[in-house]
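Spelled out, the chains give:
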Amino acid sequence: MSLPVVAIVGRPNVGKSTIFNRLAGERIAIVEDQPGITRDRIYSRSEWNGREFHLIDTGGLEFGEQDEMMDHIRNQAELAIEEADVIVFVVDGRQGITGTDEEVARMLHRTNKPVIVMANKIDDIKYADNVYEFYQLGFEHVIAVSSIHGTGTGDLLDEVVRHFPEPSEEEYDEDTIRVCLIGRPNAGKSSLVNALLGEERVIVSPVAGTTRDAVDTPFEFEGQSYVLIDTAGIRKRGKVYESVEKYSVLRAMKAIERSDVCLIVIDGERGIAEQDKRIAGYAHEAGKASVFVINKWDAVEKDEKTMDRFKRKIRDEFQFMHYAPILFVSAKTKKRVHQILPMVSEVAEQHAMRVPTSVLNQVIQDAMVTTPPPSEKGRRFRVQYVTQVAVKPPAFVLFVNDPELSHFSYLRFLENQLRQAFPFQGTPLRIIMRKKN
Ligand code: GDP
Ligand code: GDP
């Protein structure tokens with residue numbers, strides 16, 4: 001299921017990035033921060049009252065050539081109109097309405113998507129009446145906020161969440177493996193889609209799956225149902241902004257959300273880019289299984305060490321995703337393309353795997369005996385009991401004497417013990433601590 005998208009729009013200096021950072025700060029508690037994940041300044045997953053959503057600061061988007069401020073704002077508004085479910089239109093609550101605000105308002109009036117005006121910089125109650133002026137912009141909701149102090153953000157989010165579309169029904173049955181290909185433009189995603197669907201034993205369904213803004217491709221391979229998520233976004237080109245790198249990140253995020261397994265396509269010829277890391281980070285944080293697919297391997301000049309060197313580089317650059325298998329393929333020559341679907345099926349199975357509680361506890365207790373956690377001020381971290389509470393991804397609750405005594409490195413050690421004991425290849429694991437009373 002795809003998460004709602006909230007876009008922040010407005011002229012420069014009204015406080016878009018300040019409010020973005022504040023709202024992005026309220027991150028989902030169970031997603032622990034891990035070293036090596038690049039935090040994005042303009043995209044985030046956030047949560048309010050149990051509703052998760054994507055947040056974009058369109059002010060941080062780069063649209064290539066245009067330097068004109070107005071062109072830039074126009075592009076932001078267009079992207080928001082096209083992609084967002086709710087638009088937050090930020091204005092300076094102290095300065096009042098400017099000509100540029102009016103221009104933005106005119107553009108936003110062309111959509112029937114909900115627009116909430118956020119009158120920012122209302123740091124003091126004495127400015128509270130300033131909000132009335134902004135009703136002249138012609139939108140129903142104006143909320144006074146101070147992004148710096150955090151006041152009004154609750155009211156803002158209440159209003160935002162109220163306008164979310166109803167959560168859509170699960171489109172495919174539980175046994176269907178949902179796969180997406182993500183990566184930079186020109187990494188070879190559409191070529192790989194064609195190569196995969198063109199494989200001999202792949203039977204593509206004549207009926208495409210269509211959702212609100214995506215076209216999926218269902219198919220079967222060796223008796224297993226799959227669906228390629230949002231291949232239209234990959235295959236159909238044309239719109240100007242499809243070439244915008246930042247735009248493709250948003251596409252990728254939506255596709256990731258709806259998938260079980262993400263194929264992270266990397267251009268073997270050009271190497272790893274910052275954007276690859278960001279996209280991989282989303283897949284990891286969203287709890288999806290992942291496989292690295294290094295494409296264009298035909299075009300890489302190589303000796304017998306090249307592949308190992310590239311693997312090491314991947315492990316180095318994507319430390320948070322140490323679990324994901326790596327394949328070297330060529331969409332052009334089809335070399336090793338046949339390995340992709342069996343790998344997808346394997347990691348999907350592990351992503352959905354449940355392990356018996358008794359064995360689980362045995363593994364953790366053994367680990368704690370052979371490698372006891374370091375003691376702190378005479379007290380030692382102890383895990384009393386562990387149980388698996390979810391799949392896709394597998395999530396474990398550790399009941400512990402005191403969560404404060406735990407160390408990131410020791411939790412990582414326990415995770416590795418789980419990975420050694422059970423075949424959790426390709427999937428992130430979630431470890432949640434609870435204090436045992
Ligand atoms: P953007 O260009 O719209 O992304 O604006 P920024 O977030 O960079 O903010 C522009 C300036 O306004 C910065 O100096 C911020 O510190 C300031 N600012 C943002 N929010 C507030 C606020 O709520 N109150 C006050 N007083 N200043 C703010
Ligand atoms: P996308 O933007 O990620 O969908 O990338 P495309 O599939 O459109 O491919 C971008 C370019 O890379 C095209 O010119 C392809 O012909 C080329 N390309 C894709 N896969 C391969 C490959 O395996 N080897 C080589 N040499 N070129 C490839």
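These remarks concern the structure in this document.

Rules used throughout
Residues numbered from 1 in each chain as written. Chains lettered and ligands numbered in written order. Predicted model: local features only at pLDDT ≥ 70, side-chain atom pairs only at ≥ 80, totals over all residues. Heavy atoms only, no water. Phe/Tyr/Trp six-rings, centres within 6.5 Å; stacked < 30°, edge-to-face > 60°. Helix = DSSP H or I, 4+ residues; strand = E, 2+ residues; numbered from the N terminus. Buried < 20%, exposed > 50% of the residue type's maximum accessible area, 1.4 Å probe, protein only. Pairing = 2+ DSSP bridges. Axes fitted to C-alpha atoms, helices over the stretch in contact; angles between N-to-C directions. Contact = heavy atoms within 4.5 Å. Core = buried A, V, L, I, M, F, W, Y, C linked by side-chain atoms within 4.5 Å. Arc of directions from axis to C-beta. Near = heavy atom within 4 Å. Polar contact = N/O pair within 3.5 Å; in protein donor to acceptor, adjacent residues only side chain to side chain. Areas by Shrake-Rupley, 256 points an atom, 1.4 Å probe, with all protein chains shown as cover. Parallel < 35°, antiparallel > 145°, perpendicular 65-115°, else oblique. Left-handed = near helix turned anticlockwise from the far one by under 90°. Nonpolar A, V, L, I, M, F, W, Y, C, P; charged D, E, K, R; others polar. Disulfide = S-S within 2.5 Å. Salt bridge = Lys/Arg side-chain N within 4 Å of Asp/Glu carboxyl O.

A few words on the packing of aromatic side chains. Using the criterion set out here, one finds 14 aromatic pairs in the structure. Aromatic side chains Tyr-410 and Phe-413 sit 5.2 Å apart centroid to centroid with 40 degrees between the ring planes, which places their arrangement in the tilted category. Taken together, the positions of Tyr-410 and Phe-413, both in helix α12 (residues 408-421) and 3 residues apart, correspond to about one turn of that helix. A single burial state applies to Tyr-410 and to Phe-413, both of which are buried. Each member of the aromatic cluster is reached from another via a ring pair, and the members are Phe-292, Phe-318 and Phe-320.

The next point concerns the sheet that holds strand β19 (residues 430-435). What the 3 strands build is an open sheet, ordered β17-β18-β19; its pairing is mixed. Edge positions in the sheet fall to β17 (383-390) and β19, since each has one partner strand and no second. Going from strand to strand, the sheet's axes swing by 25 degrees on average, the running direction of each strand aside. Each of β17, β18 (395-400) and β19 touches α12; the most contacted strand, β19, lies at about 125 degrees to it.

Residues Phe-89, Ile-182, Ile-256, Phe-292, Ile-294 and Met-321 are the most contacted members of the largest nonpolar core, which totals 58 residues. When residues of this core are assigned to their parent elements, the largest contribution, 6 residues, is made by helix α7 (residues 245-257). In this structure, Leu-181, Leu-196, Leu-263 and Val-344 belong to the second largest nonpolar core, which totals 30 residues.

A word on helix α3 (residues 99-108). Looking at α3, one finds that the buried residues are Thr-100, Asp-101, Val-104, Ala-105, Met-107 and Leu-108. For α3, the angular spread of the buried residues around the axis is 160 degrees, confining them to a single face. In this structure, the buried side of α3 is in contact with β1 (5-9), α2 (69-83), β4 (86-92) and β5 (115-120).

Bringing the sheet that holds strand β6 (residues 141-144) into the picture now. Two strands in a sheet stick together by hydrogen bonds in their backbones, pointing the same way (parallel) or opposite ways (antiparallel). The strand order across the open sheet built from 6 strands is β2-β3-β1-β4-β5-β6, with neighbouring strands paired in mixed fashion. Unpaired on one side and paired on the other, β2 (43-48) and β6 mark the two borders of the sheet. Neighbouring strand axes in the sheet, compared pairwise and without regard to direction, differ in orientation by 30 degrees on average. In this structure, β4 lies alongside β5, joined through 6 bridges in parallel fashion. Residue Val-90 lies in a different strand from β5, and its bridge partner there is Met-118.

This part covers the site of ligand 1. Surveying the vicinity of ligand 1 reveals 15 residues, the closest of which are Asn-13, Lys-16, Ser-17, Thr-18 and Asp-123. Contact distances for ligand 1 include 3.0 Å between an oxygen atom and a backbone N or O atom of Gly-15. Residue Ser-147 places a main-chain N or O atom 2.9 Å away from an oxygen atom belonging to ligand 1. When isolated, ligand 1 has an accessible area of 580 Å², and the protein chains bury 70% of it.

Any two packed helices are characterised by how steeply their axes cross, that is the angle between the axes, and by the distance between the axes. At a minimum axis distance of 10 Å, the contact between α2 and α3 shows a crossing angle of 30 degrees. Here α2 is positioned roughly parallel relative to α3, judged by the angle of their axes. Our pair here, α2 against α3, has a crossing hand that is right-handed. Only Thr-100, Glu-103, Val-104, Met-107 and Leu-108 of α3 make contact with α2, whose side of the interface consists of Met-69, Met-70, Ile-73, Arg-74, Ala-77 and Ile-81. Classifying every residue of the contact of α2 with α3 gives 8 nonpolar, 1 polar and 2 charged.

Here the focus is the state of the cysteines. On inspection of all chains with the given rule, the structure shows 0 disulfides. As a non-bridged cysteine, Cys-262 has Cys-180 as the owner of its nearest cysteine sulfur, 3.7 Å distant. For Cys-262, a relative accessible area of 0% corresponds to the buried category.

Another point: the environment of Leu-411. With respect to the helices and strands, Leu-411 occurs in helix α12. Sequence separation between Leu-411 and Met-433 is 22 residues; the distance between their C-alpha atoms is 9.8 Å. Excluding its chain neighbours within four sequence positions, the residues that come into contact with Leu-411 are Phe-381, Leu-398, Ser-406, Ile-431 and Met-433.

What follows is about the environment of Lys-296. As for its placement among the helices and strands, Lys-296 is situated in the loop between β13 (289-295) and α9 (306-317). Among all residues touching Lys-296, those that are not within four sequence positions of it are Asn-186, Ala-187, Gly-188, Asp-267, Glu-269, Val-329 and Ser-330. A distance of 2.7 Å separates a polar atom in the side chain of Lys-296 from the backbone oxygen of Asn-186.

On to the site of ligand 2. Close contacts around ligand 2 come from 17 residues, with Asn-186, Lys-189, Ser-190, Ser-191 and Asp-298 the closest. Separating an oxygen atom of ligand 2 from a backbone N or O atom of Gly-188 is a distance of 2.9 Å. A distance of 2.8 Å separates an oxygen atom of ligand 2 from a polar atom in the side chain of Lys-189. Within the complex, 74% of the 580 Å² of free accessible area of ligand 2 lies under protein. Here the shell around ligand 2 gets 3 residues from one element, more than from any other, and that element is helix α5 (residues 189-197). Class assignment of the residues belonging to the shell around ligand 2 gives a composition of 5 nonpolar, 6 polar and 6 charged.

Once that is clear, we can look at the pattern of salt bridges. Summed over all chains, the structure comprises 23 salt bridges. Residue Arg-184 is joined to Asp-276 by a salt bridge in which the shortest nitrogen-to-oxygen separation is 3.8 Å. Of this pair, Arg-184 sits in the loop between β7 (177-182) and α5 while Asp-276 is found in helix α8 (residues 274-285), placing the two residues 92 residues apart along the sequence. As far as the burial class goes, Arg-184 and Asp-276 line up, both buried. Salt bridges sharing common partners tie together Asp-71, Arg-74, Glu-103 and Arg-106.

All we've got here are geometric facts, nothing functional implied.
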